[in-house]
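Tertiary structure, described
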Amino acid sequence: MEHDKLDQVDEILELKIEFLQDILNSVETYLPELPELSLVKEWGHRLTGSGGMFGLPEISELGRRLEKEIETLSPDEVRGLVLRVKQIAQEALTGGKS
């Protein structure tokens with residue numbers, strides 16, 4: 001029974017790492033040129049749900065802003081939110097070390 005729990009924890013950690021690495025790969029796609037806003041909005045939606053699932057509430061909040069407010073944000077504001085998501089992902093992967 002204990003072994004099964006450890007396997008589940010390992011699986012969750014692997015999924016979290018994959019999620020964070022996907023964020024970093026996505027940021028490279030979205031910067032320096034921002035793609036269509038609909039793509040960033042969709043990415044924001046995914047961040048909102050997945051960030052919460054993996055215990056990363058700030059990523060969820062940034063994702064929510066990208067999803068809900070993107071039409072009212074300037075390109076520099078969108079870029080800033082995307083860069084902040086990247087920073088949080090990097091810190092989560094490295095234990096807070098840059």
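Below is a short write-up of the structure. Everything numeric in this text was worked out from a predicted model, so none of it was measured.

1. Points about the overall build of the protein
Scanning the protein for helices and strands turns up 4 helices and 0 strands. Counted from the first residue to the last, the protein has its helices and strands arranged as α-α-α-α. Its C-alpha atoms put the protein at 50 × 25 × 20 Å along the principal axes. Taken across its 98 residues, the protein has 31% of its residues classed as buried. In the protein, 60% of the contacts between residues at least 6 apart in sequence involve partners at least 24 apart.

2. Let's talk about the packing of helix α2 (residues 37–53) against helix α3 (residues 57–69)
Where α2 meets α3, the axes come as close as 7 Å, and the angle between the chain directions of the two elements is 155°. Compared by their axis directions, α2 and α3 come out roughly antiparallel. Crossing geometry of α2 relative to α3 is assigned as left-handed. Across the interface between the two elements, V40, K41, W43, G44, H45, L47, T48, G51 and G52 of α2 pack against P57, I59, S60, G63, R64, L66 and E67 of α3.

3. As for helix α4 (residues 75–94)
Between its first and last C-alpha atoms α4 spans 29 Å; for 20 residues at 1.5 Å apiece the expected length is 28 Å, and the two agree. G95 sits one or two positions beyond α4 and adopts a positive phi of about 75°.

4. Here we look at the packing of α3 against α4
At a closest axis distance of 10 Å, the pairing of α3 and α4 adopts a crossing angle of 160°. Here α4 runs roughly antiparallel to α3, going by the angle between their axes. The way α3 lies across α4 gives a crossing that is left-handed. Along its contact with α3, which presents E58, I59, L62, R65 and L66, the element α4 presents V78, L81, V82, R84, V85, I88 and A89. The residue makeup of the contact of α3 with α4, split by class, is 9 nonpolar, no polar and 3 charged.

How each quantity is defined
- Residues numbered from 1 in each chain as written.
- Predicted model: local features only at pLDDT ≥ 70, side-chain atom pairs only at ≥ 80, totals over all residues.
- Heavy atoms only, no water.
- Helix = DSSP H or I, 4+ residues; strand = E, 2+ residues; numbered from the N terminus.
- Buried < 20%, exposed > 50% of the residue type's maximum accessible area, 1.4 Å probe, protein only.
- Contact = heavy atoms within 4.5 Å.
- Axes fitted to C-alpha atoms, helices over the stretch in contact; angles between N-to-C directions.
- Parallel < 35°, antiparallel > 145°, perpendicular 65-115°, else oblique.
- Left-handed = near helix turned anticlockwise from the far one by under 90°.
- Expected span 1.5 Å × (residues − 1).
- Nonpolar A, V, L, I, M, F, W, Y, C, P; charged D, E, K, R; others polar.

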